[in-house]
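# A structural walkthrough
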Amino acid sequence: MKIRGLEDQFLGWHDQFSDVIFRHCVFRLSDREKAKDATQETFIRLWNYVSEGKEVVNVRAFLYKIANNLIIDEYRRKETFSLDQMQEEQGFDVGFDVRDEVETKDEYERALKVIEHLPDKYREALVMRHVDGLSVKDIARITGETENVISVRIHRAIEKLKALRN
Amino acid sequence: MQNTLKQFKKIAHKVRLTADEKSTMRGELLRYMKMHPAVSSQSIRIPSSFSISDLRNKKTMPILVSLGILMGGSLSFAAENTVPGDILYPIKTHVNETVRGAVAGTPKAKAEWEVRLAERRLEEVEKLVSTQTALPEVKELAQANLEKSADIVKARIAKFEDDEDSEDALKTAGDFSNMLREHEDALRTLAPQVSATTATTSVTVMPVTQIAVTNPQEVSTQGDIEAARGFVGKLRDNAEVRHQELKKKYNPEQKIEKKNEANQSNQKIEKKKNNTKTERRSNQASVYFASTSIDTTTSELMSSTPTASSTPVKIEHAEVNKKEESKKSETPRGSDND
């Protein structure tokens, strides 16, 4: 009975958070498939944790933390690449839901392209703040940095975005 | 800048998994969950007021269970009153005490248990020195065990001091010296001569001692008791010095207060001591006086606070008792001549 409860609870978490985690991964990895894999892996790791009877106080923050770690691993694994390059090679699909209009897609791709050029840490902070809508405090907790550092990074990220756009 | 961000956010929120993608992922996860099911011991959960992760010592639950099983077993129960040399003694130390010790999770709980352990070793010493048939080697061993257990307590106090944990350091030092003093007093009152008529007043509660009855070895027993008392006295002295030291360190303003307190309790104890000497001097008093003191000590120990007035004791010689009681209160306070 109790185990059943945990499974249901976990699936509920998936229903609730899979989109936000996916979105986060997309903006961090600029790759839909990779983002899907990362999302799934994130939930698998969550299951591993709770199935051992460990308690999670804040599931959302915990999921972000796991995802962030996976993303950092991914960054370390691959070499630097450019979005243009990817697009040329693979016909880059940026994870846009087919329902939406083409213009938005273009805008979107442009925006993604821009943030692609941000240094990793700035991008991390920016995405968490303005894509995921996490508070600076939460971001600090998830990344293990101080709130100060996060605020600075967000600010610099935005400045850089502006500069890149021009 | 705002435009950039706004645009960015607007777009960002459109990103999501398609319904298909979501259900596919769900299916994958379900498969994974089946292959890696939740650990079933989860169902043995401690009720909601706290969870397993709250217990700092994660071994507590299974240990409590085994303790329950053990103590329910007559073997470990029987082992409780043993002394070194007894067959069941190893069960007392290696099983009972290990299990009970393991339950102590916090340093504070460990410290309390370690003081209690020292007391247990002391009780063993007391029992042995009062036993005619005990071998001297065994008595020595018991004393060595006591010394080791005292060292453990001292080390614990030192660790508290290192960690700047004044509260626990003071408490442990206080508990330890109080415990030693109580037992030292008990040993002191045991030292007077005991003869056959006191067989009826053998003590069965703390401290666990047996009044020797047979004559020939009485002297050696008495000598042993004196020796034990001396040894315990040294430990007690050492412990009290340490306690005072810590008190001075952590409460310099209250030094004077505490000193007065200590003086008062010293007075009370000395009152009793003087009574002991008076008893020794008067022959006829010695017999039932020993029993009076012992019963007094026993009830004192049971309430675990030294009291100035001896609690009324049930004795055959009721009248004489009253006489002695008044004698006690009249005895002037003297200084410790030991």
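See the structure shown above.
Here the residue numbering is sequential within each chain, running from 1 through the sequence in written order. Chains carry letters and ligands carry numbers; both start at the beginning, A for chains and 1 for ligands, and go up in the order they are written. Where totals are concerned, whole chains, interfaces and linings use all residues; where local detail is concerned, this predicted model gives features only for residues with pLDDT of at least 70, and gives and counts side-chain atom pairs only at 80 or more. Side-chain figures throughout are based on the complete set of non-hydrogen atoms in the structure, without hydrogens or water.

## Some remarks on the side chain of Arg121(B)
Residue and element names in this part refer to chain B. The condition is simple: In this description a helix means any DSSP run of H or I spanning at least four residues, a strand means any run of E spanning at least two, and both kinds are numbered starting from the N terminus. Burial classes: relative accessible area under 20% of the type maximum marks a residue as buried, over 50% as exposed, and values in between as partly exposed (1.4 Å probe, protein chains only). By definition in these notes, contact holds between two residues if any of their heavy atoms fall within 4.5 Å.
Mapping Arg121 onto the fold places it in helix H6 (residues 107-129). A relative accessible area of 7% places Arg121 in the buried class. In this view, Arg121 contacts Tyr89, Lys92, Thr93, Glu97, Asn145, Leu146 and Ser149; residues no more than four positions away in its chain are not counted.

## Let's talk about the pattern of salt bridges
This is how it is decided: The rule for a salt bridge is simple: a side-chain nitrogen of Lys or Arg has to be within 4 Å of a carboxyl oxygen of Asp or Glu.
Tallied over the full model, the rule gives 42 salt bridges over all chains. With a shortest N-O distance of 4.0 Å, Glu124(A) and Arg153(A) are connected by a salt bridge. With Glu124(A) in helix H6 (residues 120-131) and Arg153(A) in helix H8 (residues 147-165), the pair connects residues that are 29 residues apart, well separated along the chain. Residues Glu124(A) and Arg153(A) agree in their burial class; the two are buried. Arg229(B) serves as the salt-bridge partner of Glu226(B), at 3.5 Å between the closest nitrogen and oxygen. Placement of both Glu226(B) and Arg229(B) in helix H9 (residues 218-250) is noted, with a separation of 3 residues, approximately one turn of the helix. Overall, Glu226(B) belongs to the partly exposed group, its relative accessible area being 33%.

## Overview of the packing of helix H3 (residues 59-77) of chain A against helix H7 (residues 136-143) of chain A
All names here are of chain A. The criterion, for reference: As a rule, the C-alpha atoms of each element are fitted with a line to give its axis, helices using only the stretch in contact, and angles between N-to-C directions run from 0 to 180 degrees. In this scheme, roughly parallel covers angles under 35 degrees and roughly antiparallel covers those over 145, while 65 to 115 is roughly perpendicular and the rest are oblique. Crossings are sorted by hand: turned counterclockwise from the far helix by less than a right angle, the near helix makes the crossing left-handed, and turned clockwise it makes it right-handed. Each residue gets one label: Ala, Val, Leu, Ile, Met, Phe, Trp, Tyr, Cys and Pro are nonpolar, Asp, Glu, Lys and Arg are charged, and the others, such as Gly, are polar.
The contact between H3 and H7 brings their axes to 9 Å, and the two run at 50°. If you check the angle between H3 and H7, you find them oblique. Crossing handedness for the pair H3 and H7: right-handed. Along the contact surface, H3 presents Arg60, Ala61, Tyr64, Lys65 and Asn68, while H7 presents Asp138, Arg141, Ile142 and Thr143. When grouped by side-chain class, the residues that make up the contact of H3 with H7 number 3 nonpolar, 2 polar and 4 charged.

## Regarding the packing of H6(A) against H7(A)
All names here are of chain A. Where H6 contacts H7, the two axes come as close as 10 Å, and the packing angle between them is 135°. Overall, the two elements H6 and H7 adopt an arrangement that is oblique. Our pair here, H6 against H7, has a crossing hand that is right-handed. Contacts between H6 and H7 involve Glu124, Ala125, Met128 and Arg129 on the former and, on the latter, Val136, Ile139, Ile142 and Thr143. A class-by-class count of the residues in the contact of H6 with H7 yields 5 nonpolar, 1 polar and 2 charged.

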